[in-house]
Amino acid sequence: MADAHAKHHDYHLVDPSPWPVVGAIGAFVLAVGAVLYFHGAPLWYVAPGFAIVFYTMIGWWRDVIKEGNAGDHTKVVQLHLRYGMILFIASEVMFFVAWFWAFFDASLFSGEQIQATRAAFTGGHWPPQGIEVFDPWHIPLLNTLVLLTSGTTVTWAHHALQHDDRKGLVQGLVVTVILGMIFTSLQAYEYAHAKFSFAGHIYGSTFFMATGFHGFHVIVGTIFLAVCLGRAIAGGFTSKQHFGFEAAAWYWHFVDVVWLFLFACIYVWGAHGMYISE
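Please read all numbers here as calculations on a predicted model, not as lab measurements.

Participant: How should I be thinking about the overall build of the protein chain in this particular structure?
Facilitator: Broken down by element type, the protein chain carries 8 helices and 2 strands. The N-to-C order of helical and strand elements in the protein chain reads α-α-α-α-β-α-α-α-α-β. Relative to its full complement of 278 residues, the protein chain shows a buried share of 37%. At a minimum sequence separation of 6, the contacts of the protein chain that also span at least 24 residues come to 77%. Carbon and sulfur atoms make up 71% of the accessible area of the protein chain, which totals about 15800 Å².

Laid out in structure tokens, this is it:
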């Protein structure tokens, strides 16, 4: 009888789970709360949706960890988990492409039909006249060095895990998490001292949307790595099975690469600017 129910394949059939439904409800509540907030409702209107989504993530990922510890993540399942993470990062790449597109469209587009409108927004120059941009060789350069260093330390942690060096894994993750918090602190300081705002002109809108969403991804990545740090301290992960950490490392390298493009295009090139002919 037991042999009749034995698994003779490399796939894992997931047990019935409430998380897809709960997550969908949370996303809907969050969207409604956000719409109401944009129409003047208090900020706490978005709190219930955030709480449900956050609870869903904790519960769902907890179940995935249990599946892995139970041996359900065979090589085939792990391969498909990697495919899923690759597709997720690809979707994030296209998300940032939209903000780069908006920034370059506003700064470079020279169609004659909209020159009058363009000049009204930018004063015929990019950055618009009167905008005092950030010095790219100050905090932005420092943040670039911080993120590049964090990419090195997370690789150190990954290498240590592959060689069953638990101490090196924990040390690398500790340093990476600290560097992630330093980056966020420096960016918050930079925003607090900005000489331009989000509203009123296209430069501020595209700048804060691109760099702000990147900052949000840094916060998410830092939390991701902090959870991996907690699991590593508790004895989780092995040299043969550690997709959770591997996914976090991939995500962090993605955040690094996006920042390099932001630094080069928005901070360096955008700070020097270029004249838009009328």
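Participant: Would you take a moment to explain the packing of helix α5 (residues 139-162) against helix α6 (residues 166-192) for this structure?
Facilitator: If you want to describe how two helices pack, look at the angle between their axes and the distance between the axes. As a packed pair, α5 and α6 sit with axes 8 Å apart at the nearest point and diverge in direction by 165°. Judged by the angle between their axes, α5 and α6 are roughly antiparallel. In this structure, α5 crosses over α6, and the sense of that crossing is left-handed. Considering only residue class, the contact of α5 with α6 consists of 18 nonpolar, 9 polar and 1 charged.

Participant: Even after reading the chapter, I still don't get the side chain of threonine 153, so can you show me in this structure?
Facilitator: For threonine 153, the position within the fold is in helix α5. Judged by its relative accessible area of 9%, threonine 153 falls in the buried class. Of note is the side chain of threonine 153, whose polar atom sits 2.7 Å from the side chain of threonine 176.

Participant: I'm lost on the pattern of salt bridges in this one. Help?
Facilitator: Any two side chains of opposite charge can pair if their charged atoms end up close together. One pass over the full model with this rule turns up 3 salt bridges. Between aspartate 63 and arginine 62 there is a salt bridge, and its shortest N-O distance comes to 3.3 Å. Given the relative accessible area of 23%, aspartate 63 is considered partly exposed. Accessibility expressed as a relative area gives 42% for arginine 62, which makes it partly exposed.

Participant: Help me understand the packing of aromatic side chains, please; the structure alone is not making it clear to me.
Facilitator: Ring pairs (aromatic) are described by centroid distance and by the angle formed between their planes. Applying the stated criterion across every chain, the model contains 28 aromatic pairs. For the pair phenylalanine 103 and tryptophan 269, a centre-to-centre distance of 6.2 Å together with 70° between the ring planes defines the contact as edge-to-face. Placement of phenylalanine 103 in helix α3 (residues 75-108) and of tryptophan 269 in helix α8 (residues 243-272) is noted, with a sequence separation of 166 residues between them. According to the relative accessible area criterion, phenylalanine 103 is buried, its value standing at 0%. Exposure remark for tryptophan 269: the relative accessible area of 27% places this residue in the partly exposed category. Summarising the aromatic geometry, the rings of phenylalanine 196 and tyrosine 203 are spaced 5.3 Å apart at their centres and angled 70° between planes, so their arrangement reads as edge-to-face. Summarising the burial analysis for this pair, phenylalanine 196 and tyrosine 203 share the class buried.

Participant: How do you make sense of the environment of alanine 264 when you look at a structure like this?
Facilitator: Inspection of the secondary structure puts alanine 264 in helix α8. Between the C-alpha atoms of alanine 264 and leucine 141, which are 123 residues apart in sequence, the distance is 10.0 Å.

Participant: Before we go on, may I ask you to explain the environment of leucine 142 in this structure?
Facilitator: In this structure, leucine 142 sits in helix α5. Judged by its relative accessible area of 41%, leucine 142 is partly exposed. Here the alpha-carbon distance between leucine 142 and phenylalanine 183, two residues 41 residues apart in the chain, equals 8.7 Å.

Participant: Please explain the side chain of threonine 222 as it appears in this structure.
Facilitator: With respect to the helices and strands, threonine 222 occurs in helix α7 (residues 202-233). You can call threonine 222 buried: its relative accessible area is 10%. Other than its neighbours up to four places away in sequence, threonine 222 contacts Val177, Gly180, Met181 and Trp252.

Participant: Can you walk me through helix α2 (residues 47-69) in this structure?
Facilitator: Every α-helix carries 3.6 residues per turn, so stepping three or four residues along brings you back to the same face. Between its first and last C-alpha atoms α2 spans 33 Å; for 23 residues at 1.5 Å apiece the expected length is 33 Å, and the two agree. Within α2, burial applies to Gly49, Thr56, Gly59, Glu67 and Gly68. Close packing links the buried residues of α2 with α1 (19-38). Once α2 finishes, glycine 71 follows within two positions and takes phi at roughly 90°, a positive value.

The rules behind the values
Residues numbered from 1 in each chain as written. Predicted model: local features only at pLDDT ≥ 70, side-chain atom pairs only at ≥ 80, totals over all residues. Heavy atoms only, no water. Helix = DSSP H or I, 4+ residues; strand = E, 2+ residues; numbered from the N terminus. Buried < 20%, exposed > 50% of the residue type's maximum accessible area, 1.4 Å probe, protein only. Contact = heavy atoms within 4.5 Å. Areas by Shrake-Rupley, 256 points an atom, 1.4 Å probe, with all protein chains shown as cover. Axes fitted to C-alpha atoms, helices over the stretch in contact; angles between N-to-C directions. Parallel < 35°, antiparallel > 145°, perpendicular 65-115°, else oblique. Left-handed = near helix turned anticlockwise from the far one by under 90°. Nonpolar A, V, L, I, M, F, W, Y, C, P; charged D, E, K, R; others polar. Polar contact = N/O pair within 3.5 Å; in protein donor to acceptor, adjacent residues only side chain to side chain. Salt bridge = Lys/Arg side-chain N within 4 Å of Asp/Glu carboxyl O. Phe/Tyr/Trp six-rings, centres within 6.5 Å; stacked < 30°, edge-to-face > 60°. Expected span 1.5 Å × (residues − 1).

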